[in-house]
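# Structural characterization, general
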Amino acid sequence: MPTFTALTTLSGKAQAEALGEAMERLEPVPTGVGVFEVEDGSGLWEVGGYFTETPDIAALALLSVAFGAREFTVSELPETDWVAHVRRELAPVEAGRFFVYGSHDADKVPADRIPLLIEAAMAFGTGHHGTTLGCLRALDRLIEGGFVGDKVADIGCGTAVLAMAAARVWDGEIIASDIDQVAVDVAEANLRANDMAGRVRCVEAAGFANPELAALAPYDLIFANILKGPLVALAPDLAAHLRPEGYAILSGILNEQAEDVISVYARSGVNLVESEEIGDWTTLLLRKKA
C-alpha cells in the first residue's frame, strides 16, 4: 500500500494547531497528522499528514493559503524499505554528551560526543523538539551524577533515540515500545543505522501492556515522552514497574500542564527531582520513594 506525506511550515502555534485540525477533516482522511515546533529559534511550526491514498492537492493548496503556510510538499514514499529513504534534513543537536545527527552531517560529529544517528522521520523524536532534547539533557545529568541504569524502558519510543542514548552508555537490558507499529519499525531501522541491532528490544504496546515489558520489571529508569493525557493515565502502571528509588524522565508536557502531572505522579509515590523548560515544553525528572 503506498504512503503519501504532505508537509508544510508556518509561524505561530495557534495557526499551526488550527491547520492540523483542518487537515484531519480532509478527504481522503489522513492516517495521522502531526504538529511540531521546530526548536531552532525560528518560531516555525511543522504540520504534516500521512495518507494511504493520494491527498487532494487542491484542498491542501487552499489550506496553505487560508492559514498562511508555505505550499505543501507532497511525496509518495516507496512501498518497500521506505523507512530508510525518509530523512529529516535538520541541523545536528547537542544535548550534553549526546550528538543527534543525520547521515548528511556524519562529518560533523565531535570526537568527544556520543553520536546518535537518526535517519527516519516517520515518528516523533529526532532531538530537535524541546521534549526529546529535554529528555536527553535529563539523562545526561543523571549520568553525570553517577547513576547507572541496568534495566531501562522507553515508553512511546518514536525513533528510539532515548533508548539508544541509554544503550550507548550502559550495558544493561533496554526495551523500547510504541503503540504504533510504524514507530517500532522506525526504531529498529535506527538501531541498525547505529550498528546497535539487537542492543535494544523493540515491541508494540500500549503503555506497559506487553509481556516482554512486564518480564523485565522493575526498571531503574523509565522514559515516557508522550503527552499529558497518556502520562496521567500511565502513572499507576509506571510506578508499579519502577523499582524503589528508580527514576522516570517524562516529557510531552506543556509548561502550564507540568504541575498537574507532578501532582498525579506524587500520588503514586513518584516525586519531582527537577524540571526543565525548553520553549513551550517541560521535562520532568522524578524518583520513586524507597
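Treat the numbers as computed from the prediction; the structure is a model and nothing was measured.

Parameters and conventions
- Residues numbered from 1 in each chain as written.
- Predicted model: local features only at pLDDT ≥ 70, side-chain atom pairs only at ≥ 80, totals over all residues.
- Heavy atoms only, no water.
- Helix = DSSP H or I, 4+ residues; strand = E, 2+ residues; numbered from the N terminus.
- Buried < 20%, exposed > 50% of the residue type's maximum accessible area, 1.4 Å probe, protein only.
- Contact = heavy atoms within 4.5 Å.
- pLDDT = per-residue confidence, 0-100.
- Patch = residues over 30% accessible without salt bridge, like charges linked within 9 Å, V, L, I, M, F, W, Y side chains within 5 Å.
- Areas by Shrake-Rupley, 256 points an atom, 1.4 Å probe, with all protein chains shown as cover.
- Salt bridge = Lys/Arg side-chain N within 4 Å of Asp/Glu carboxyl O.
- Lys, Arg positive; Asp, Glu negative; His and termini not counted.
- Charge placed at Lys NZ, Arg CZ, Asp CG, Glu CD.
- Core = buried A, V, L, I, M, F, W, Y, C linked by side-chain atoms within 4.5 Å.
- Pairing = 2+ DSSP bridges.
- Right-handed = clockwise from strand over helix to strand, strands pointing away.
- Axes fitted to C-alpha atoms, helices over the stretch in contact; angles between N-to-C directions.

### Comments concerning the overall build of the protein chain
Helix and strand counts for the protein chain stand at 8 helices and 14 strands. By the burial criterion, 52% of the 290 residues in the protein chain qualify as buried. Contacts in the protein chain between residues far apart in sequence, at least 24 positions, make up 67% of those at least 6 positions apart.

### What to know about the confidence of the model for the protein chain
Summing up the model confidence of the protein chain, the mean pLDDT is 87 and the portion of residues at 70 or higher is 90%. Of the regions scoring below 50 in pLDDT, residues 80-89 engages in 21 contacts with residues more than four places distant in sequence or in other chains. Low pLDDT (under 50) marks residues 120-127, which in the prediction has 39 contacts with non-local residues, meaning those over four places away or in another chain.

### Topic: the environment of Leu-227
Mapped onto the secondary structure, Leu-227 falls in the loop between β11 (219-225) and α7 (228-241). Taking C-alpha positions, Leu-227 is 9.9 Å from Gln-257, a pair spaced 30 residues apart along the chain. Each residue touching Leu-227, except ones within four places of it in the same chain, is listed here: Ser-251 and Gly-252.

### A short note on a negative patch on the surface
A contiguous patch of negative charge on the surface is contributed by Asp-180, Asp-185, Glu-188 and Glu-204. Relative to the helices and strands, Asp-180 resides in the loop between β9 (173-178) and α5 (181-193). Among the residues examined, Asp-180 registers a relative accessible area of 36% and is labelled partly exposed.

### Observations concerning the nonpolar core
Of all hydrophobic cores here, the largest spans 40 residues; its most connected members are Leu-139, Leu-221 and Ile-249. Apart from the residues within four sequence positions on either side, Leu-139 is in contact with Phe-98, Ala-165, Ala-166, Trp-170, Leu-221, Phe-223 and Ile-249. If you look at the next biggest cluster of nonpolar residues, it comprises 28 residues, including Leu-213, Ala-248, Ala-258 and Val-261.

### With respect to the pattern of salt bridges
This model, assessed by the stated rule, comprises 10 salt bridges. Close ionic contact of Arg-141 with Glu-276 constitutes a salt bridge, the shortest N to O distance being 3.5 Å. Within this pair, whereas Arg-141 is found in helix α3 (residues 130-144), its partner Glu-276 is found in strand β13 (residues 270-278), the two being separated by 135 residues in sequence. The buried category is assigned to Glu-276, whose relative accessible area is 17%. With a closest N to O distance of 3.5 Å, Arg-201 and Glu-212 form a salt bridge. With a gap of 11 residues between them, Arg-201 in strand β10 (residues 201-204) and Glu-212 in helix α6 (residues 211-216) connect regions that are remote in the sequence. A relative accessible area of 36% means that Arg-201 is categorised as partly exposed. When its relative accessible area of 34% is taken as the criterion, Glu-212 is described as partly exposed. Among the charged side chains, a salt-bridge network with shared partners connects Arg-137, Arg-141, Glu-274 and Glu-276.

### What about the pairing of β10?
Regular strands show a simple pattern: their side chains alternate between the two faces of the sheet. Of the strand pairs in this sheet, β9 and β10 are connected by 4 bridges, and their pairing is parallel. What sits directly across from Ala-176, in β10, is Cys-202. For the crossover that starts at β9, traverses α5 and ends in the parallel β10, the hand is right-handed.

### Details of the sheet that holds strand β1 (residues 3-11)
Strands pair in a sheet through their backbones, by hydrogen bonds, and they do so in one of two ways: parallel or antiparallel. The strand order across the open sheet built from 4 strands is β2-β3-β1-β4, with neighbouring strands paired in antiparallel fashion. Of all strands in the sheet, those bounded by a partner on one side alone are β2 (32-37) and β4 (73-77). Within the sheet, the average angular offset between the axes of one strand and its neighbour, ignoring direction, is 20°. Sheet analysis places β1 next to β4, joined by 5 bridges and oriented antiparallel. Its bridge partner being in β4, Phe-4 is matched across the sheet by Glu-76. Sheet strands touched by helix α1 (residues 13-23): β1, β2 and β3 (44-51). Its angle to β3, the strand with the most contacts, is close to 10°.

### Brief notes about unusual backbone geometry
Pro-28 follows Glu-27 through a cis peptide bond whose omega is -5°. Of note, Pro-28 is situated in the loop between α1 and β2. Between Ala-217 and Pro-218 the backbone carries a cis peptide bond, its omega angle lying at 5°. Following the sequence through the fold, Pro-218 ends up in the loop between α6 and β11.

### Let's talk about the side chain of Asp-140
Structurally, the position occupied by Asp-140 is in helix α3. When residues no more than four places from it in sequence are discounted, the contact partners of Asp-140 are Ala-95, Gly-96, Arg-97 and Phe-98.

### What about the sheet that holds strand β8 (residues 151-155)?
The mixed open sheet is built from 7 strands, whose spatial order is β10-β9-β8-β11-β12-β14-β13. With partners counted over all chains shown, the strands left at the sheet margins are β10 and β13, one partner each. Averaged over neighbouring strand pairs, the angle between their axes works out to 15° when direction is ignored. Pairing of β13 with strand β14 (residues 281-288), which is carried by 8 bridges, proceeds in the antiparallel orientation. Within β14, the residue paired with Val-270 across the bridge is Lys-288. Along the sheet face, helix α4 (residues 161-169) touches β8, β9 and β11 and points at about 175° away from the line of β9.

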